Amino acid sequence: MRVLVAGGAGYVGSHVLRALVAAGWEAVVLDNLSTGHAAAVARATGGRAELVVGNVGDCELVRDVLISRKIDAVVHCAAASLVGESMANPSKYWRNNVQEAIGLLDAMVLAGVDKIVFSSSAAVYGEPVAVPIEETHPKSPTSTYGMTKLAIEHMLQSYSAAHSMRCVSLRYFNAAGADEPGDIGEAHNPETHLIPIVLQAALEQRAEVRVFGTDYDTPDGTCVRDYIHVSDLADAHVLALQRMHEMEMSGRAARAEAFNLGSGTGFTVRQVIECAREVVGTEATIRAVDGQRRPGDPAVLVASSERAKSELGWAPRRTSLAEIVQSAWKWHRAHPHGYSG
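First, a word on scope: everything that follows refers to the structure included in this document. Small disclaimer: the values here were computed from a predicted structure and weren't measured.

Taking strand neighbours across the sheet as the criterion, the 7 strands line up as β3-β2-β1-β4-β5-β6-β11 in an open arrangement whose pairing is parallel. Single-partner strands in this sheet number two, and they are β3 (50-53) and β11 (256-261). Taking the axes of each pair of neighbouring strands and ignoring which way they run, one obtains an average angle of 20 degrees across the sheet. The pairing of strand β4 (residues 73-76) with strand β5 (residues 115-121) spans 3 bridges and is classified as parallel.

A word on the sheet that holds strand β14 (residues 300-301). Taken in spatial order, the 3 strands make up an open sheet running β12-β9-β14, and their pairing is mixed. Of all strands in the sheet, those with a lone pairing partner are β12 (267-268) and β14, marking the two edges. Where strand β9 (residues 224-225) meets β12, 2 bridges bridge the pair, whose relative direction is antiparallel. Looking across to β12, one finds that Arg225 is bridged to Phe267.

This paragraph deals with the pattern of salt bridges. Summed over all chains, the structure comprises 22 salt bridges. In this structure, Glu248 engages Lys115 in a salt bridge whose closest nitrogen and oxygen atoms are separated by 3.0 Å. Linking Glu248 in helix α8 (residues 230-249) with Lys115 in strand β5, this pair joins segments that are 133 residues apart in sequence. Residue classification places Glu248 among the partly exposed positions, given a relative accessible area of 26%. For Arg255, the salt bridge is made with Glu257, and the minimal N-O distance between the two is 3.1 Å. By relative accessible area, which is 37% here, Arg255 ends up partly exposed. A single salt-bridge network, built from bridges that share partners, covers Arg243, Arg255, Glu257 and Glu311.

Attention now goes to the packing of aromatic side chains. Under the defined criterion, the tally for this structure stands at 1 aromatic pair. Taking the centre distance of 5.0 Å and the plane angle of 50 degrees together, the rings of Trp331 and Tyr339 count as tilted. Like Trp331, the residue Tyr339 is buried in the burial classification. A cation over a ring is seen here: Arg293 above Tyr216, with NZ or CZ 4.0 Å from the ring centre.

Once that is clear, we can look at helix α7 (residues 194-202). Burial of α7 is extensive: 9 of the 9 residues sit out of reach of the surface. Within α7, the full set of buried residues consists of Leu194, Ile195, Pro196, Ile197, Val198, Leu199, Gln200, Ala201 and Ala202. Buried residues along α7 sit against β7 (174-176), β8 (209-212), β10 (227-229), α9 (269-280) and α11 (321-334). A positive phi of about 60 degrees marks Glu204, the residue just after α7.

Thresholds applied
Residues numbered from 1 in each chain as written. Predicted model: local features only at pLDDT ≥ 70, side-chain atom pairs only at ≥ 80, totals over all residues. Heavy atoms only, no water. Pairing = 2+ DSSP bridges. Helix = DSSP H or I, 4+ residues; strand = E, 2+ residues; numbered from the N terminus. Axes fitted to C-alpha atoms, helices over the stretch in contact; angles between N-to-C directions. Salt bridge = Lys/Arg side-chain N within 4 Å of Asp/Glu carboxyl O. Buried < 20%, exposed > 50% of the residue type's maximum accessible area, 1.4 Å probe, protein only. Phe/Tyr/Trp six-rings, centres within 6.5 Å; stacked < 30°, edge-to-face > 60°. Lys NZ or Arg CZ within 6 Å of the ring centre and 35° of its normal. Contact = heavy atoms within 4.5 Å.

These values are about where atoms sit, not about what they do.
Encoded structure:
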């Protein structure tokens, strides 16, 4: 199978790319490099994947790539993903996420490519009414980012019905860590994810870690999140593609499906900071400073991934928070300036 990975130069995308190549599949990357890194593509595949620089919503470009490279399926990891920014600049998110996705899906229809795995998010649920969260949980996103992810899921349902497209939405909880070799990892600018921020503080690249909200109804007043190793996320994409291929070969009707990807265990912000202190040891001091809540942040997000386990055959293999933080520390310590040094 030949797969186009849109956003394959990014954090999750590069790990998905490595998993696809390890599974013996050929991959082509489409990325505009606005937040991704060409070096991530080269390292993830040993230089075996072509990088096409361009926008995922450029329908003509994507159609030509799909046809000329004889692509069988698409993995869509390209999106703006900062919750706070989405609340301050909603126009960017509706245009960059939803409008661009329309261009991609239209290109797939024109090229006759009928399988797509979409990087969705736990943000589609909003403030949970039950934990752990199952896929049937009400969808009421509290951020513009979450709204755009849910809108694209609805789009996939429409395209599936109209064009017999096979679609799988993978609802990530908090992606974290880095692949075991330590040569690809998380490198955002600005960085907004908790674990890399804490490790940047350990490397004295920032003076403090700001804790956004200390008055939530949680064990220590800080937000609770379900952290899932990025390489486990990557494995789920391979399994989703395999599932769609097998369903196609067996003659089963095309449909749009969604699966949660999480560990099923939640940790508070303070617990993550303390875990990082233990991993880093005496090498550095990590200073935490209490701050106000951020708009759009639910108090608790913890997944039920039973559907992914039963239908995809997926289960996270790296379930210890310390193991996840250790893998991230290995990457950040060896690459304190990300892919630039």
